[in-house]
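Report on the structure
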Amino acid sequence: MVENKKQARVEQILLNGYFFICCLFFVIPMLLVITSSFTNDNEIRLYGYSLLPREWSLESYRAIFRIPQRMFDAYIITAFTSIVGTIMSVTVMALVAYPLSRRDFAYRKAITFFIFFTLLFSGGLIPSYIMNTQILKLDDTIWIYLLLHLANAWHIIIIRTFFQQLPYELIESAKMDGAKELRIFFAIIVPLSKPVLATIALFVLLGRWNEWMITLVYIRSERLYTLQFILQRLLLQAEFARSYMLNVPGIMIDSRALPTLSMRYAMTVIAAGPMLLVFPFFQKYFTRGLTIGAIKG
Amino acid sequence: MRTGKKKSYWKIFLKNKELLLLTLPALVYFAVFHYLPMGGIYIAFTNYRFVDGIFGSEFVGLRWFRIFFQGDLFRVTRNTVLYSMAFIVLSLVTAVFTAILMSGLKSRKGVKVYQTTMILPNFMSWIVVSLVLYVFLDPAYGFINSIHLSLGYEDINWYANPGYWPFILTFMNIWKSVGMGCVMYYAAMMGIDPSLYEAATIDGAGKMGRLRYITLPALVPLMTILTILAMGNLFRGDFGLFFSLPRDVGMLYSTTDVLDTYIFRGLRAGRFSLNTAAGLLQSVMGFIMVVVTNLIVKKINPENSLF
């Protein structure tokens, strides 16, 4: 018995040790990015990136905010498309999920197939690019951010599955009282479905905040750049820092002083920071959402 | 007779019109942004030029598909499929393995801290992950080369040697996804009825026995659904991963180029028709893979199939 207890304790110590080391693989890289953003470029050139800078410096952050207009524009675009886009998406998806959850809806099967099929088959990048630019003329407008990924078949199925579990008697009695479907949806369905709607909203918000591919493919105007896209350009071309940060009409700045090395990491902290601070708190919603999603469609 | 039928259609429509109205925004969205581009597949059979438009361009039949199978697309397709297979197998194994070890932890607080730490990369975009990688691999100032230097080894130029990249990309893919996978499998394991374990212990099953006969079978439904969905993406590479981790460096294409990055570059280079053909093959293969995998799963155990 004593042997067993001892064995169990050793086991716990070993397991904790294992996970501690695992976590280092996640913590150290993130710390390194943060410390690099606070190191000045001369030091990086001499010693490389390090976890303990010899001297802490705000040089990179100052450089990024030297022309606040750039960051301000990118933040506004990212925040606007994230928030408005999420509200639009969740509304449209919940509205279609409700009829699909109703067994007495005559077109349920046909519409479910119409939506589900888009998960299995797609036209591909180039046909959509040609349609969106040649026919719909959405390129280089803010609409492309809001409309391109407006609804997602998988999310609709998750919401529908949740709606199906609500008691049908509620809907029936409301109908007896003469309530319209739209009213039933807003007065009964939505208040009872906050958990699933919050989960989906988080998924969508995260996707929108991290959006850069739409910018890469469809956007040409600098004032429509998202934060993640600016980061992508900084990663791919060091020159971009100079041309974008300093080439603002009417403002002249000495470009030799620009800390192009640490700036990348300062930009990473600025672009990823908000989501990384907020999202771990919603972890349990994510888990729930994913497990609901695993229920057979 | 005929008019009677028409009338009943009309009746059904009237009875459902309110609900139908609610589906309208989504139906319009899917029609415009998903079904309209499906019509654009016609581009794959033409020699598309912007100035001529879709129907003004010359019809060339299967020309692009023949070129596709002769050219360097074999390499691109092979890369795509091999990476997908490695990702499917390794992400399943690492997530299940981590979740099983985690279920052995007694401290709830420990589980929470470890899970939260490991799930963080899941909330990052591939661009941010690429910068995290770059801080290590930067040829001039990177962390790994700094350590190399202090130990007296030579610098390695990671972004010039394609040989390293299959390992780097696979490692980073797992780094980003293992936390979420672990959380999901852990949640599924917490849903297992504890009395099953008690009964097995009374019957003399050891730790391994319980794992083999209770835990793993309970995880099979989740594993199958995730795998069926992943099989549909066998011919798809995650664009963000393959485009931004290797920083779109041409020298690395031999091991890092997948169909999605190839098709994207076609957009820039104006290879519209050839790359629409590539995208079409990708879609058709994905469709076949999901249906076939689902069929096989259905044969083995109908409970676990997706549809």
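Within each chain, residues carry numbers counting from 1 in the order of the written sequence. Labels follow written order: the first chain is A, the first ligand is 1, and so on. For this predicted model, a pLDDT threshold of at least 70 governs which residues receive local features, and a threshold of 80 or more governs which side-chain atom pairs are given and counted, while totals over whole chains, interfaces and linings are taken from all residues.

**A closer look at the overall build of chain A**
To qualify as a helix, a DSSP run of H or I must reach at least 4 residues; to qualify as a strand, a run of E must reach at least 2; elements of each kind are numbered from the N terminus. Each helix and strand counted, chain A has 16 helices and zero strands in total. Computed over C-alpha atoms, the radius of gyration of chain A comes to 25 Å, more than 25% over the 19 Å expected from 2.2 N^0.38 for 297 residues, which places it beyond the range of a compact globule. In terms of its C-alpha atoms, chain A occupies a principal-axis envelope of roughly 75 × 75 × 35 Å. Between the buried cut of 20 or more and the exposed cut of 12 or fewer other C-beta atoms within 10 Å of a residue's own C-beta lies the partly exposed class, and all C-beta atoms are placed from the backbone. The proportion of buried residues among the 297 residues of chain A is 40%. Here contacts are defined at the residue level, using C-beta atoms placed from the backbone and a cut-off of 7 Å between them. Counted over contacts in chain A with a minimum sequence separation of 6, partners at least 24 positions apart contribute 71%. Radius of gyration here uses only the C-alpha atoms, and the compact-globule reference equals 2.2 Å multiplied by the residue count raised to the power 0.38.

**With respect to the overall build of chain B**
Counting its secondary structure elements, chain B contains 14 helices and two strands. Taken over the C-alpha trace, chain B has a radius of gyration of 25 Å; the compact-globule value for 307 residues is 19 Å, which it surpasses by more than 25%. Seen along its three principal axes, the alpha-carbon backbone of chain B occupies a region of about 70 × 65 × 35 Å. Here chain B holds 307 residues, and 38% of them are scored as buried.

**Quick word on the environment of B:Tyr42**
Take B:Tyr42: it is sitting in the loop between helix H1 (2-39) and strand E1 (46-47). C-alpha of B:Tyr42 to C-alpha of B:Phe65: the two residues are 23 residues apart in sequence and 13 Å apart in space.

**Considerations on the nonpolar core**
Within the largest apolar cluster, 142 residues are counted, with the highest numbers of intra-cluster contacts made by A:Met93, A:Ile159, A:Ile200, A:Leu231, B:Leu131 and B:Tyr185. Looking at this core, the element that brings in the most residues is helix H4 (residues 68-101) of chain A, giving eleven residues. In this structure A:Leu231 touches A:Met267, A:Thr268, A:Ala271, B:Ile127, B:Val128 and B:Leu131, once residues within four positions along its chain are discounted. Buried Ala, Val, Leu, Ile, Met, Phe, Trp, Tyr and Cys residues form a nonpolar core when they are connected through C-beta atoms within 7 Å.

**Side note on the packing of helix H3 (residues 63-70) of chain B against helix H14 (residues 272-300) of chain B**
All names here are of chain B. Only C-alpha atoms enter the line fits that serve as axes; for helices the fit covers just the stretch in contact. Angles between N-to-C directions range over 0 to 180 degrees. One can describe the packing of H3 onto H14 by two numbers: an axis separation of 9 Å at closest approach and a directional angle of 75°. When the axes of H3 and H14 are compared, the pair comes out roughly perpendicular. Seen from H3, the contacting residues are Trp64, Phe65, Ile67 and Phe68; seen from H14, they are Ser273, Leu274, Ala277, Ala278 and Leu281. Among the residues making up the contact of H3 with H14, the classes are represented as eight nonpolar, one polar and no charged. The cut-offs work like this: below 35 degrees is roughly parallel, past 145 is roughly antiparallel, 65 to 115 is roughly perpendicular, and the gaps in between are oblique. Residue polarity follows a fixed list, in which Ala, Val, Leu, Ile, Met, Phe, Trp, Tyr, Cys and Pro are nonpolar, Asp, Glu, Lys and Arg are charged, and the others, Gly among them, are polar.

**Overview of the domain arrangement of chain B**
Residue and element names in this part refer to chain B. For chain B, the assigned domains are domain 1 (2-59) and domain 2 (77-304). The centre of domain 1, based on its C-alpha atoms, is set 36 Å off from the matching centre of domain 2. Listed by partner, the interface residues are six residues for domain 1 and five residues for domain 2. Class assignment of the residues belonging to the side of domain 1 that touches domain 2 gives a composition of four nonpolar, two polar and no charged. Domain segmentation is taken from an automatic or database assignment of domains.

**Quick notes on the confidence of the model for chain A**
Low pLDDT means the predicted atomic positions in that stretch should not be read closely. Think of pLDDT as the predictor's per-residue confidence, scored from 0 to 100. When the pLDDT values of chain A are averaged, the result is 85; 90% of them are 70 or greater. Within chain A, the lowest mean pLDDT, 64, falls on helix H16 (residues 283-293) of chain A, and the highest, 94, falls on helix H7 (residues 143-147) of chain A.

**What to know about unusual backbone geometry**
With phi around 55°, A:Lys137 is a residue other than glycine that occupies positive phi space. Structurally, A:Lys137 is set in the loop between helix H6 (125-135) and H7. Its identity is not glycine, yet B:Arg247 carries a phi of approximately 55°, on the positive side. Relative to the helices and strands, B:Arg247 is located in the loop between helix H11 (239-244) and helix H12 (253-256).

**Points about the interface of chain A and chain B**
Taken residue by residue, the interface counts 78 residues in chain A and 73 residues in chain B. It is helix H1 (residues 2-37) of chain A that provides the largest number of residues to the side of chain A that touches chain B, a total of 14 residues. Taken together, the residues of the side of chain A that touches chain B sort by class into 56 nonpolar, 17 polar and five charged.

**Regarding the environment of A:Gly48**
If you trace the backbone, A:Gly48 turns up in the loop between helix H2 (41-47) and helix H3 (59-64). Separated by 152 residues in the primary sequence, A:Gly48 and A:Ile200 place their C-alpha atoms 42 Å from one another. Look past the residues within four positions of A:Gly48 in its chain and what remains in contact with it is B:Tyr141, B:Gly142, B:Phe143, B:Asn145 and B:Ser146.

**Notes on the packing of helix H13 (residues 259-269) of chain B against H14(B)**
All names here are of chain B. At a closest axis distance of 9 Å, the pairing of H13 and H14 adopts a crossing angle of 155°. One finds that H13 runs roughly antiparallel with respect to H14. Once H13 is placed against H14, the crossing between them reads as left-handed. Across from Leu259, Tyr262, Ile263 and Gly266 in H13, the residues of H14 making contact are Leu274, Asn275, Ala278, Gly279 and Gln282. Residue composition of the contact of H13 with H14, grouped by class: five nonpolar, four polar and no charged. Crossings are sorted by hand: turned counterclockwise from the far helix by less than a right angle, the near helix makes the crossing left-handed, and turned clockwise it makes it right-handed.

**A closer look at H13(B)**
Within the span of H13(B), buried status applies to B:Leu259, B:Asp260, B:Thr261, B:Tyr262, B:Ile263 and B:Phe264. As for H13(B), its buried residues are in contact with H6 of chain A together with helix H4 (73-103), H11 and H14 of chain B. Just downstream of H13(B), B:Gly270 is the residue with a positive phi angle, here 80°.

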